[in-house]
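Below are the chains, spelled out letter by letter.
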Amino acid sequence: MNIPVPYLQTGHGILMVVSLLAAFVYAPGNPLTEFPPEIRTFLQNGLLAVYSINLVLAVQAAFKAKAKHLPVAFWAMKTLLLGGIAFYELGQTKDPTVNTKTSKFKADSRRASK
């Protein structure tokens, strides 16, 4: 689909806030919060399933962030809230301690010396 990750994260953040509002808040006169109990229970169970999966991904993200020398708490929390989108972004992020120019130079110099 080639939708940039920041747009996906923004859309999922808005969807998260609206889903939490519809599932847990009751405010008479607001059409987002005047659902019957059956619908609210369904939304709550769906959110439980989604955030259970996100919790597993957040644990994996913490280990992956640690291996890449990135802030562990940031990536774990981001993955808990946004799920697979944040986990994908973490997978695409490079380790800041690795100098790519130096490693490419070393590889080129090895080829030249052979």
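One can find the structure itself at the top, above this paragraph.
Here's a quick rundown of the structure. Computed from a prediction, not measured in an experiment: that's the story for all the values here.

1. Some points on the overall build of the protein chain
So, step 1. Broken down by element type, the protein chain carries five helices and zero strands.
So, step 2. What you see in the protein chain, going N to C, is helices and strands ordered as α-α-α-α-α.
So, step 3. Within the span of the protein chain, comprising 114 residues, buried residues form 25% of the whole.
So, step 4. For the protein chain, the proportion of contacts with a sequence separation of at least 24, taken over those separated by at least 6, is 48%.
So, step 5. Just so you have it, the protein chain exposes about 8,200 Å², and 70% of that area is on carbon and sulfur atoms.

2. Here we look at the packing of helix α2 (residues 37–67) against helix α4 (residues 84–92)
So, step 1. Between α2 and α4, whose axes approach to 10 Å, the crossing angle comes to 15°. Overall, the two elements α2 and α4 adopt an arrangement that is roughly parallel. The two elements α2 and α4 cross, and the hand of that crossing is left-handed. Between α2 and α4, the contacting residues are Leu57, Gln60, Ala61, Lys64 and Ala65 on the first element and Gly84, Phe87, Leu90 and Gly91 on the second.
So, step 2. Classifying every residue of the contact of α2 with α4 gives five nonpolar, three polar and one charged.

3. A word on α4
So, step 1. Along α4, the positions that sit buried rather than exposed are Ile85, Ala86, Phe87 and Leu90.
So, step 2. Tucked into the core, α4 has its buried residues touching α1 (5–24), α2 and α3 (72–82).

4. Focus on a nonpolar patch on the surface
So, step 1. Taken together, the side chains of Ile14, Val18 and Leu32 present a nonpolar region at the surface, about 230 Å² in accessible area.
So, step 2. Inspection of the secondary structure puts Ile14 in helix α1.
So, step 3. Assessed through its relative accessible area of 53%, Ile14 is described here as exposed.

5. A short note on the side chain of Arg40
So, step 1. Note that Arg40 resides in helix α2.
So, step 2. Buried charge without a salt bridge: Arg40, with Glu34 as the nearest opposite-charge side chain at an N-O distance of 9.5 Å.
So, step 3. At 3.0 Å, the side chain of Arg40 and the backbone oxygen of Val25 are in polar contact.
So, step 4. With sequence-adjacent residues up to four places away left out, Arg40 is seen in contact with Ala22, Ala23, Phe24, Val25, Tyr26, Thr33 and Phe35.

Basis of the calculations
Residues numbered from 1 in each chain as written. Predicted model: local features only at pLDDT ≥ 70, side-chain atom pairs only at ≥ 80, totals over all residues. Heavy atoms only, no water. Helix = DSSP H or I, 4+ residues; strand = E, 2+ residues; numbered from the N terminus. Buried < 20%, exposed > 50% of the residue type's maximum accessible area, 1.4 Å probe, protein only. Contact = heavy atoms within 4.5 Å. Areas by Shrake-Rupley, 256 points an atom, 1.4 Å probe, with all protein chains shown as cover. Axes fitted to C-alpha atoms, helices over the stretch in contact; angles between N-to-C directions. Parallel < 35°, antiparallel > 145°, perpendicular 65-115°, else oblique. Left-handed = near helix turned anticlockwise from the far one by under 90°. Nonpolar A, V, L, I, M, F, W, Y, C, P; charged D, E, K, R; others polar. Patch = residues over 30% accessible without salt bridge, like charges linked within 9 Å, V, L, I, M, F, W, Y side chains within 5 Å. Salt bridge = Lys/Arg side-chain N within 4 Å of Asp/Glu carboxyl O. Lys, Arg positive; Asp, Glu negative; His and termini not counted. Polar contact = N/O pair within 3.5 Å; in protein donor to acceptor, adjacent residues only side chain to side chain.

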